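# Coordinates in review
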Amino acid sequence: MAAAPRDLLVVGAGHAGVEAAAAAVRLGARVAVVTLSLDTVAQMPCNPAMGGIGKGHLMAELDALGGVQPWAADRAGLQFKVLNRSRGPAVWGPRAQCDKQRYTVIMRRLLQRLAGIDIIEGEVSGLLEAAGRVVGVRLADGRRLQARAVLLTTGTFLDGILHTGAERRPGGRFGERPSVGLGADLRARGLELRRFKTGTPPRLHRASIDVERLQPEPGDADPRPFSWRTRSVANRVLCWLAHTPEVVQSIIADNLHRSPLFSGQIQGVGPRYCPSIEDKVVRFPHHRQHTVFLEPEGLDSDSMYVNGLSTSLPADVQEQVVRAIPGFERARFLRYGYAVEYDVVAPLQVAPTLECRSLPGLSLAGQLLGTSGYEEAAALGFVAGVNAVLLGRGEAPFVPERERSYLGVLVDDLCSADHREPYRMLTSRAEHRLLLGVDSARERLMPTGARLGLVPESVFHVEQERWRRRREVRDELATRALNPDAPTRALVRRIAGVEPTAPTTWAGILRRQDVDAETVAAALPVLSGLTAEDRRAVLGELHYDGYLARHQREVERLARLRHLEIPVDLEPAEIPGLSREAADALRRHRPRTVADAERLPGVTPAAVAILIGRLGRPRDARRRPAGSMTEGEPCPES
Amino acid sequence: MVKASSSGWSSGLSGGADTIVARATSSGPAALAVVRLSGPAVRRIAAEISPAADFSEPWRARLVAIDGLGEQAVAIAFSAPRSYTGEDMLELTVHGSPFVVRSLIERCIAAGARPAGPGEFTRRAVANGKLDLVQAEAVRDLVGAETAWQARNAREQLSGRLSQRLAGLRGDLVELLARLEASLDFVDHGVELDRAEEAARLAGCRERLAALLDTAAAGERIRDGVRVVIVGPPNCGKSTLFNTLLGNERAIVAPHPGTTRDVLEAELDIAGLRVTLVDTAGLRDAADPIEEEGVRRARAAAASASVVVELWPADAGPGAPAGDGEITTLRVLSKADLPHPVDAGRLPVSCATGAGIDRLRTALAETVAGGVPDLGGEVAISHRHRCGLERAAAELAACDLAAPELAAESLRCAARELEALIGVVATDDLLDEVFASFCIGK
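Going along each chain's sequence as written, the residues are numbered from 1 onward. Each chain gets a letter, beginning with A, and each ligand a number, beginning with 1, in the order they are written. Per-residue local features of the predicted model are confined to residues with pLDDT of at least 70, and side-chain atom pairs are confined, for both listing and counting, to 80 or more; whole-chain, interface and lining totals are unaffected and use all residues. As a convention, hydrogens and water are excluded, and side-chain values are obtained from all of the structure's heavy atoms.

### Here's the deal with the domain arrangement of chain B
The line we're drawing: Annotation comment: domain bounds sourced from an automatic or database domain assignment.
Domain assignment breaks chain B into domain 1 (20-116), domain 2 (138-215 + 382-435) and domain 3 (227-370). Inter-centroid distance (C-alpha atoms) of domain 1 of chain B to domain 2 of chain B is 41 Å.

Below you can see the structure in the form of structure tokens.
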């Protein structure tokens, strides 16, 4: 068969690479994935868990768009739990312990079964360029692979070095060699690389730990799957909670000079949000103890992950620290913790499509772009994969908006600010956090997933019907007046345990702090008719009522500004009345729309007003100029 | 930040702004006038207008000749960033003739400067981080200060005391916010809120905000002054007392009832505060529509007063009963040189003999100054500060730590209000608002 030209070449088959390849091939593209080894597809080299606060939000959005990570996490999931349940619905973070082995198997099978993906084992050592475009890659064995676009998702492999104490050896992950030629090739093409660092804790043998003395951490009583593709999930394992004793502080303090983090051996910048135990002891000396979670790495595995003990201390110190924890006295090490230093591409060099600004045809995603975590990687992989296909066809790209999704926050943060440490998603990064709860993810993003063709029409229809029903229930609760007559008051007293004084609505009663909304909801026919998930969504919106209106107004204002695109050939210095500072910021960051410009330091409301005046008024700009597709815009047929 | 070069002046300024010139002293003939320049071209302009002068040593006064003007000037050069604006500056003191000043400014403009807008020097000081917005306002207040209280308050504000309070409060709000955010995002890392401690922090922030707001009333008295309104029946000597307190014949005085038909105002300084003294028409059932309008205005003036001086003439028999007491009232028995019954509740005063006038002045001073609460060394806030602080206080009042993600919203909004006050994230609109009331040359 005469080979049709390849649309996309994905380098790396980690979480970003798999997500990108799966999305691209389902959009109808011809895709090849180049990986060092087929055995290591979609590995979970650090914690055996997916999701959490911020990260779980990204997964919910990825699922609504038709991504594959949430589906695979459901299938490999061993224990499901929603974090932050005692807080409001905007910050609930679904998380699952996963079977690492099974996760890799599921993803490898997925890649192998998706028609149109070639899987090639090999090491990419450089890019091929023609007429100013990246048109393929060169492998270390001399082979050359051509494609319309190349996506690099090489994770921590770019000139990776592993550290345990004074011992340092080249490697991308434990037991795997790094990728050495590619980094030099990228540098030679003018890309700025910088050194990051991350780390992982030791793995212990299950039988060597006296879990009877630890506090068991079960999953939720009503485990929820991540994906609309999954009907139900079950909890199959326990985790355990322990605390480091005070003596750990002195053990670490006595050996700090032997930690490559403090001896100067490691130059890379690590994530503040995921500190090593030696970092924690140094930075929080007043914390006498630190929390440690013991998490199984798989159903058929004896390996236990010690969450909270990430370290690059020498092996003997790791043993002292671990064995000081009650219940861990006889702990047997399957693997010691280590730190990995690796090169990343400074993310400011990519556009919001994740295409490299200076090298068209080349996109970047995942840890290579300076993020940390499986979920961030998959989210970026999805955006990069979809855009590589859309751009290749000359169609409008998919650029998620930060006021409508964490995906948008992620992409926008990476492309518009200079990050000096691995980027982890946090709910506090989203200005409109209250609008971005996991329960609203489908309503926000599934229309886009359906338009892209990654969510089946039938599923989308059912979902739309549910959103319509939710709105009806919400309106009913908010508008039907409850008069304070005797029978109504008795009813409210019986169901909600409070006394309505003035005329109110059920929405008003459900919002009260002294009312248990779940109990009331169960007793109200209009709510009890909904599924648990829909009921949660309705109650969530009532919970935030006034705040949501405020955010909604701001989002609508931004949406109007987003319709005002800034032409690429606009010369800010030539706009009369614009301050120098504002003009500098515009020239440096090249924002796509006025909404993006507004967030730049130095671009004041007055500067925005001048810019709007120059570009035309928002209400005259109903029709979006060509160039971008975002939520709410029809996606061109693929 | 630009460092002064070793040769004296710096070579330019980071902003790269143009160079501005303006007269810094009042217009009109005067013994001396100061013309100041600020901006990157100051050094070049100085060399051009005074080629013979040696400006190599900044911050020293020297006598220079202005080329083509036949005028000498005392010149002080300031090297960035050690100047009022943070840019290179030049201050030229010349004879205060309008012609000399105009010619000098034209000379500077011909050499490349442009006329400064109102408050532009101070605006540059803010832009270059020499002052924050609150301090810039203090500069304006100090320049316009007419009374001891106004000057004292403006100086305290300029010293940064209020800015520090606001910045400190904002810092604490941001710290509390960071704790809330950490407890939301890192619950799986064992980060938990210490409810009692966070509640105490929030309460502390609320208290400090309330204390700042408490100075608003004093601020109003200091900045806007006090209205003292003289009221009483017709022909009881209100206008005579008005003229006596002012020390001139401002109001027309006649022995006919109903002579004063309108409201008359005059400014004076009592106890270091600006006092607007108001004379009104006599309160009675008016004889004609014009007087009727005068009476209506008198009642309105009395209602808006900070202090009312209520007159009752000695020859009119027993005095009227005391008012409802909502407005501080000084009750005065006028024409006390005439025989009168003793009224312990009224201060006897005679404008004809001068008897009791000093006692009235003292009583007025005590009453007026008593309206300014003891600030305990704090700075009294302005109307703009009050509006921002009230919005911040409303956010903090709604801040409920039991719902941390909502509490975070409130804290964020409150912190933003404080930032807008100090100018941390000052928008151009805000700067325009603040600098609109500046005079040119400051």
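### Comments concerning the environment of Cys98(A)
Residues and elements named next belong to chain A. Test applied: Think of it this way: any DSSP run of H or I at least four residues long counts as a helix, any run of E at least two long counts as a strand, and we number them from the N terminus. When accessible area is computed with a 1.4 Å probe and restricted to protein chains, residues below 20% of their type maximum are described as buried, those above 50% as exposed, and intermediate ones as partly exposed. Contact criterion: two residues are considered in contact whenever any of their non-hydrogen atoms come within 4.5 Å of each other.
Relative to the assigned elements, Cys98 resides in strand S5 (residues 93-98). By relative accessible area, Cys98 is classed as buried at 0%. Counting along the chain gives 198 residues from Cys98 to Pro296, while the straight-line C-alpha distance between them is 8.4 Å. Setting aside residues no more than four positions away along its own chain, Cys98 makes contact with Met44, Pro48, Ala49, Met50, Ala73, Ala76, Gly77, Leu78, Pro296 and Glu297.

### Description of the environment of Ala31(B)
Within the fold, Ala31(B) resides in strand S2 (residues 30-38). Beyond its immediate chain neighbours, meaning those up to four positions away, Ala31(B) contacts Val94(B), His95(B) and Gly96(B).

### Quick notes on the sheet that holds S5(A)
Residues and elements named next belong to chain A. Heads up, the rule is: Any two strands are treated as partners once DSSP identifies two or more bridges connecting them. Between N-to-C directions, angles span 0 to 180 degrees; the directions come from axes that are lines fitted to C-alpha atoms, helices contributing only their stretch in contact.
Strand order in the open sheet formed by three strands is S3-S5-S4, and the pairing between neighbours is antiparallel. Strand pairing shows two members of the sheet lacking a second neighbour, strand S3 (49-51) and strand S4 (77-83), which therefore form its edges. Ignoring strand direction, the axes of neighbouring strands in this sheet form an average angle of 20°. Strand direction decides the pairing type here: S4 and S5, joined by six bridges, are antiparallel. Note on S5: the bridge partner recorded for Val82 is Pro94. Along the sheet face, helix H2 (residues 55-65) touches S3 and S5 and points at about 70° away from the line of S3.

### Some thoughts on the environment of Arg557(A)
All names here are of chain A. Rules: Counted as a polar contact is a pair of N or O atoms within 3.5 Å, where, for protein atoms, one must be capable of donating a hydrogen and the other of accepting one, and residues adjacent in sequence contribute only when both atoms are in side chains.
Of note, Arg557 is situated in helix H19 (residues 545-562). The spatial distance from the C-alpha of Arg557 to the C-alpha of Ser179 is 46 Å, given a sequence separation of 378 residues. A distance of 3.1 Å separates the side chain of Arg557 from the side chain of Glu554, its partner in a polar contact.

### What to know about the domain arrangement of chain A
One can read the domain layout of chain A as domain 1 (203-340), domain 2 (457-543) and domain 3 (551-620). Each of domain 1 of chain A and domain 2 of chain A has a C-alpha centre, and the two are 43 Å apart.

### Looking at empty space enclosed by the protein
All names here are of chain A. As a reminder of what qualifies: Of the two site types, the cavity is a set of points on a 1 Å grid over the protein atoms alone where a 1.4 Å probe fits but cannot get out, and the pocket is an open set with protein on both sides within 12 Å along at least five of seven lines, each lined by residues with an atom within 4 Å of a point. Grid points are joined across faces, edges and corners, and a volume is the space filled by probe spheres set on the points. Put simply, Ala, Val, Leu, Ile, Met, Phe, Trp, Tyr, Cys and Pro go in the nonpolar bin, Asp, Glu, Lys and Arg in the charged bin, and everything else, Gly too, in the polar bin.
In total, this model carries two cavities of 30 Å³ or more according to the counting rule given. Each pocket or cavity is described by its volume, and for the largest cavity that value is around 50 Å³. Around the largest cavity sit Pro202, Ile252, Ile277, Leu309, Thr311, Leu313, Gln318, Val321 and Val322, which together line it. Element by element, the count of residues in the lining of the largest cavity is highest for helix H9 (residues 315-323), at three residues. In terms of residue class, the lining of the largest cavity is built from seven nonpolar, two polar and no charged. Lining the second largest cavity are Phe80, Lys81, Val82, Pro94, Arg95, Asp220, Arg224 and Phe226.

### So, unusual backbone geometry
Between Ala80(B) and Pro81(B) the backbone carries a cis peptide bond, its omega angle lying at 0°. Checked against the element boundaries, Pro81(B) lands in the loop between strand S4 (71-78) and strand S5 (89-96). If you check the backbone angles, Ala131(A) has positive phi at about 50° while not being a glycine. Counting through the fold element by element, Ala131(A) comes out in the loop between strand S7 (124-130) and strand S8 (133-139). According to the relative accessible area criterion, Ala131(A) is exposed, its value standing at 86%. The phi angle at Asp159(A) is positive, at roughly 50°, despite the residue not being glycine. Within the secondary structure layout, Asp159(A) lies in the loop between strand S10 (149-152) and strand S11 (161-164). The class of Asp159(A) is partly exposed, set by a relative accessible area of 23%.

### Quick notes on the confidence of the model for chain B
Parts of the prediction with low pLDDT should not have their coordinates interpreted in detail. Residues and elements named next belong to chain B. Counted only if it meets this: Per-residue confidence from the predictor is reported as pLDDT, which spans 0 to 100.
When pLDDT is averaged along chain B, the result is 82, and 87% of the positions lie at 70 or above. Element-level mean pLDDT values for chain B span from 55 in helix H14 (residues 428-435) up to 94 in S5. In this model residues 1-16 is a low-confidence stretch, pLDDT under 50, and it forms 41 contacts with partners more than four residues away in sequence or in other chains.

### Regarding helix H11 (residues 357-370) of chain B
All names here are of chain B. Put simply, the rule is: To estimate the expected span of a helix, subtract one from its residue number and multiply by 1.5 Å. It is the directions from the helix axis to the C-beta atoms that the arc portrays.
Look at H11: 20 Å from first C-alpha to last across 14 residues, which is about the 20 Å you get at 1.5 Å a residue. The set of residues buried in H11 consists of Ile357, Leu360, Ala363, Leu364, Thr367 and Val368. Taken down its axis, H11 places every buried residue within 130° of arc, on the same side. For H11, the exposed residues set more than 90 degrees away from the buried face come down to Asp358, Arg359, Glu366 and Gly370.

### Remarks on the packing of aromatic side chains
As a reminder of what qualifies: Pairing of aromatic rings covers Phe, Tyr and Trp, the last through its six-membered ring, and needs centres within 6.5 Å; plane angles under 30 degrees mean stacked, over 60 mean edge-to-face, and all others mean tilted. A ring has a charge above it when a Lys NZ or an Arg CZ is no more than 6 Å from the ring centre and no more than 35 degrees off the ring normal.
Inspection of the entire model under this criterion finds five aromatic pairs over all chains. With a centroid separation of 6.4 Å and 90° between ring planes, the pair formed by Phe382(A) and Phe398(A) is classed as edge-to-face. Here Phe398(A) lies in the loop between helix H10 (374-392) and helix H11 (406-416) and Phe382(A) lies in helix H10, a separation of 16 residues in the sequence. Grouping residues by exposure puts Phe382(A) and Phe398(A) together as buried. We note Arg82(B) situated over the ring of Trp59(B); from NZ or CZ to the ring centre the distance is 3.9 Å.

### Some thoughts on helix H12 (residues 383-397) of chain B
Residues and elements named next belong to chain B. The end-to-end C-alpha distance of H12 is 21 Å, a good match for the 21 Å that 15 residues give at a rise of 1.5 Å each. For H12, every residue scored as buried is listed here: Arg384, His385, Gly388, Leu389, Ala392, Glu395 and Leu396. Buried residues of H12 fall within an arc of 115° about the axis and therefore sit on the same side. For H12, the exposed residues lying more than 90 degrees away from the buried face are His383 and Ala397.

### Some points on a positive patch on the surface
Residues and elements named next belong to chain A. Defined as follows: Like-charged residues are merged into a patch within 9 Å and nonpolar side chains (Val, Leu, Ile, Met, Phe, Trp, Tyr) within 5 Å, provided each residue has over 30% relative accessible area and no salt bridge. In these tables, accessible area is a Shrake-Rupley quantity obtained with a 1.4 Å probe, and a residue counts as shielded only by the protein chains included in the view. Note on definitions: salt bridges are taken to be side-chain nitrogens of Lys or Arg within 4 Å of carboxyl oxygens of Asp or Glu. His is not counted, nor are the chain ends, whereas Lys and Arg count as positive and Asp and Glu as negative. Charged side chains are reduced to one point each, which is NZ for Lys, CZ for Arg, CG for Asp and CD for Glu.
A cluster of basic residues, Arg75, Arg102, Arg109, Arg113 and Arg236, forms a positive patch at the surface. Ranked by residues supplied to the positive patch, first place goes to helix H4 (residues 100-113) with three residues. Counting through the fold element by element, Arg102 comes out in helix H4.

### Topic: the pattern of salt bridges
Residues and elements named next belong to chain A. What the rule picks out here adds up to 83 salt bridges over all chains. Among the ionic pairs, Asp220 bridges to Arg85, the shortest N-O distance being 3.5 Å. With Asp220 in the loop between strand S15 (215-217) and strand S16 (239-243) and Arg85 in the loop between S4 and S5, this residue pair connects regions lying 135 residues apart in the sequence.

### Some points on the side chain of Ser38(B)
Residues and elements named next belong to chain B. With respect to the helices, strands and loops of the structure, Ser38 is situated in strand S2. A distance of 2.8 Å separates a polar atom in the side chain of Ser38 from a polar atom in the side chain of Thr85. For Ser38, the contacting residues outside a window of four places in its chain are Asp18, Thr19, Ile20, Thr85, Glu87, Asp88, Met89, Phe121 and Arg124.

### Notes on the side chain of Asn243(B)
Residues and elements named next belong to chain B. Residue position: Asn243 is located in helix H9 (residues 238-246). For Asn243, a relative accessible area of 5% corresponds to the buried category. Discounting residues that sit within four places of it in the chain, Asn243 has contacts with Asn248, Glu249, Arg250, Ala251 and Val253.

### Some thoughts on the pairing of strand S7 (residues 226-231) of chain B
Residue and element names in this part refer to chain B. Among the six residues in S7, five count as buried, and that is most of the element. One ladder, built from five bridges, connects S7 with strand S9 (residues 273-279); its direction is parallel. Each residue of the ladder has a partner; that of Val228, found in S9, is Leu277. Here S7 pairs with strand S10 (residues 307-313) via four bridges, running parallel.

### Here's the deal with the sheet that holds S11(A)
All names here are of chain A. The antiparallel open sheet is built from four strands, whose spatial order is S12-S11-S20-S13. At either margin of the open sheet sits one strand with a lone partner, and together these are strand S12 (167-170) and strand S13 (193-200). Here the average twist between neighbouring strands, direction ignored, is 25°. As defined by bridge partners, S11 adjoins strand S20 (residues 338-345) across three bridges and the pair is classed as antiparallel. By the bridge assignment for S20, Leu162 is matched with Val340.

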